Amino acid sequence: ETGVTQTPRHLVMGMTNKKSLKCEQHLGHNAMYWYKQSAKKPLELMFVYSLEERVENNSVPSRFSPECPNSSHLFLHLHTLQPEDSALYLCASSQDGQIYTGELFFGEGSRLTVL
Amino acid sequence: AQTVTQSQPEMSVQEAETVTLSCTYDTSESDYYLFWYKQPPSRQMILVIRQEAYKQQNATENRFSVNFQKAAKSFSLKISDSQLGDAAMYFCAYRSGFATSGTYKYIFGTGTRLKVLA
C-alpha cells in the first residue's frame, strides 16, 4: 500500500448529485488535509484535521462537507456542486509536532468534473 | 500574512544541463521551514528538498540543491544534470514553525512547470 491513497481517481458528477471522495493514510500520521488544485492557482487549503478534530475550515462553501472518522481516514462529501468546483482534490497527511518538520505526504488526487 | 511567489510559470532545460527555479516569500516569523515539492504529470506530489530557516547551510539532495537567502527571503532550487524524469510541476512551499489551533500553516506558490528537452 502506498502512503496516502485516494479514491476515486476520477469522478464526473452532475450539479444535483451527491458523491464522496475518500482518503486513507497508512503512515500513522496525526494530521490530514484536503487541498483544491486548480490550474495556475496556488494550492487552496480546504480543511485540516488534527487528531481527528477539524482545526481549520478555510471559508469553504457548505456544499463541501469533510468527515474524519479516525486518524487514518478522511472523506470529502460533495453535494450540489457548481461547475467551478471542477478541480483536482488532493489529500495529504503529516506528522505534526514541535520536533517534526511537518513534511506533507500527498495522495495522487481525485480529478473532479462537475457538469 | 505569509506569501510565496514563483514568478516563472514555465521553464525549459536541456537534458544534462542545470536549471534554477526561483521562489520568494514574505513572512515576519523567525521560525519556519521551506520546501520544494515535485508533481509529475498524473502522479502524486512528493518532497524534493527541505530547508530549516535556522540553518545557514543550504540543503542538498543529490542533484538538487537550494540557494537560501534568508535576508532577501529567497529560496531557489537548482537541478543539476537534468534528466527527463525531472519534468514536472515544482511547487515552493512555506510552513510556519508555530502551531495555530494545533496545526502548522502551509503556504504554496503557483508552481513552475519544468520541461526537459532531449
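Right above here is the structure, for reference.
Read on for a plain summary of the structure. (Residues numbered from 1 in each chain as written. Chains lettered and ligands numbered in written order. Predicted model: local features only at pLDDT ≥ 70, side-chain atom pairs only at ≥ 80, totals over all residues. Heavy atoms only, no water.)

### Focus on the overall build of chain A
Then comes step 1: Per the secondary structure count, chain A includes 0 helices and 11 strands.
Then comes step 2: Ordering the α and β elements of chain A from the N terminus gives β-β-β-β-β-β-β-β-β-β-β.
Then comes step 3: For 115 residues, the compact-globule estimate of 2.2 N^0.38 gives 13 Å, and the C-alpha radius of gyration of chain A, at 14 Å, lies within 12% of that figure.
Then comes step 4: Overall, chain A is about 45 × 30 × 30 Å in size when its C-alpha atoms are taken along their principal axes.
Then comes step 5: Considering chain A as a whole, with its 115 residues, one finds that 49% of them fall into the buried category.
Then comes step 6: For chain A, long-range pairs separated by at least 24 residues make up 53% of all intrachain contacts whose partners lie at least 6 apart in sequence.
Then comes step 7: Surface accessibility of chain A: about 5,500 Å² in total, with carbon and sulfur atoms responsible for 50%.
Then comes step 8: Across chain A, 10 positive and 12 negative side-chain charges occur, with their mean positions spaced 11 Å apart. (Helix = DSSP H or I, 4+ residues; strand = E, 2+ residues; numbered from the N terminus. Rg over C-alpha atoms; globule rule 2.2 N^0.38 Å. Buried < 20%, exposed > 50% of the residue type's maximum accessible area, 1.4 Å probe, protein only. Contact = heavy atoms within 4.5 Å. Areas by Shrake-Rupley, 256 points an atom, 1.4 Å probe, with all protein chains shown as cover. Lys, Arg positive; Asp, Glu negative; His and termini not counted. Charge placed at Lys NZ, Arg CZ, Asp CG, Glu CD.)

### Considering the nonpolar core
Then comes step 1: Ranked by internal contacts, the top residues of the largest apolar core, which has 26 residues, are Y25, W36, F75, L77, Y90 and L114 of chain B.
Then comes step 2: Elements that contribute at least two residues to this core include exactly β3 (19–21), β5 (32–39), β6 (46–52), β8 (64–69), β9 (74–79), β10 (88–100) and β12 (112–117) of chain B.
Then comes step 3: The element that contributes the greatest number of residues to this core is β10 of chain B, accounting for 4 residues.
Then comes step 4: In this view, Y90 of chain B contacts Q6, L21, W36, Y37, K38, V48, F64, L77, I79, G111, T112 and L114 of chain B; residues no more than four positions away in its chain are not counted.
Then comes step 5: Within the second largest apolar cluster, 22 residues are counted, among which are W34, Y49, V60 and Y89 of chain A. (Core = buried A, V, L, I, M, F, W, Y, C linked by side-chain atoms within 4.5 Å.)

### Observations concerning the sheet that holds strand β7 (residues 64–70) of chain A
All names here are of chain A.
Then comes step 1: Overall, antiparallel pairing links the 4 strands, which are arranged β1-β3-β8-β7 in an open sheet. In the strand order of this sheet, the two ends are held by β1 (4–7) and β7, each with one partner. Geometrically, the sheet is characterised by an average inter-axis angle of 15 degrees between neighbouring strands, direction not taken into account. (Pairing = 2+ DSSP bridges. Axes fitted to C-alpha atoms, helices over the stretch in contact; angles between N-to-C directions.)

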